[in-house]
Amino acid sequence: MQFRLSISAVVTLASLCFTSPTPESSPTLTSTSSPKASSTRGPDPEFPIPGEVPFNTTFPNTDYALIAALKTSPNAVTRIALLRDEQFKFDFLNPPAQGFATLEGRGGKLVNAFSITFPALVGNNMAMAVGFTKPCGFNTPHTHPRATELSIVVNGSMISEFVSETGTRKVRNVHSTYSMVLFPAGALHLEFNPNCEPMTFVAAFNSEDPGINTPAESLFMLDDDLVGLATGLEFLEGADIDLYRHLVPSSLAQGVESCLTKCGIKKTAKV
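Residues numbered from 1 in each chain as written. Predicted model: local features only at pLDDT ≥ 70, side-chain atom pairs only at ≥ 80, totals over all residues. Heavy atoms only, no water.

Asks: Lay out helix α1 (residues 64-72) in plain terms, naming residues and giving numbers.
Replies: Considered for burial, the residues of α1 that qualify are L66, I67 and L70. Relative to the axis of α1, the buried residues are bounded by an arc of 95 degrees and lie together on one face. Exposed residues lying more than 90 degrees from the buried face of α1 are A65 and T72. (Buried < 20%, exposed > 50% of the residue type's maximum accessible area, 1.4 Å probe, protein only. Helix = DSSP H or I, 4+ residues; strand = E, 2+ residues; numbered from the N terminus. Arc of directions from axis to C-beta.)

Given below as structure tokens:
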């Protein structure tokens, strides 16, 4: 489920344009190592692609000492003793100001209660996230490599799709309020809001660190001449459909078109 920062996924083998995430949507990193050599491609603010986290990097506002103490604590009794009462509470409307807590794109945002953002989860094998999706917005294909996900719609309606692995069929469902979908661990999946009102979903994971893997972020780490097409993780605006139509299933693209027409939202012009 990620949201992410701001990825608009339009990539072709002949023209691959990207730049770093905007400061307001990207976590600030502190690194003691030399940065990786930058790409020779020119930046394109319309299609920002985040770079990988460099070696020996730390995230500001993350309590590494506390997380380490919790992970090495001998049992649950001693773990609880390390935490103040208020550290067992997580506010999805006012999440901590640190990397991974809030991942946002033009089509919505995801707020994550993972062990890095909510250390009380350490040792409990659980995590949660809340997705706030704008009209016609969707969370593009991504996987969680270490967790199965249960996602329930608590406001609005949602279309879900997933493919668990090569050789399995695509599973597609339409959800109304309080309908839930299961995404198997590692399954490539997406969520789409087909209506003109905001949609909210709550996702639960059976890992305190479910992880997020997106095609764009992963494929762009390979050599340039090996990368053909990629798509990214974020809440995309339906108005951008013509920019990434060739990267999504035709049925989904048609659904976005229909939603835009119904909601009176103008499409983003091709560039």
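Asks: Mind laying out the pattern of salt bridges, listing which residues take part and the relevant values?
Replies: Within this structure, the stated rule accounts for five salt bridges. D209 serves as the salt-bridge partner of R146, at 3.4 Å between the closest nitrogen and oxygen. In this pair, R146 is assigned in the loop between β6 (138-142) and β7 (149-155) and D209 in the loop between β12 (199-205) and α3 (215-219), connecting sequence segments 63 residues apart. Given the relative accessible area of 47%, R146 is considered partly exposed. Classification of D209 as partly exposed rests on a relative accessible area of 37%. K170 is paired through a salt bridge with E161; the nearest N and O atoms lie 3.8 Å apart. For E161, a relative accessible area of 5% corresponds to the buried category. The network of salt bridges with shared partners includes E161, K170 and R172. (Salt bridge = Lys/Arg side-chain N within 4 Å of Asp/Glu carboxyl O.)

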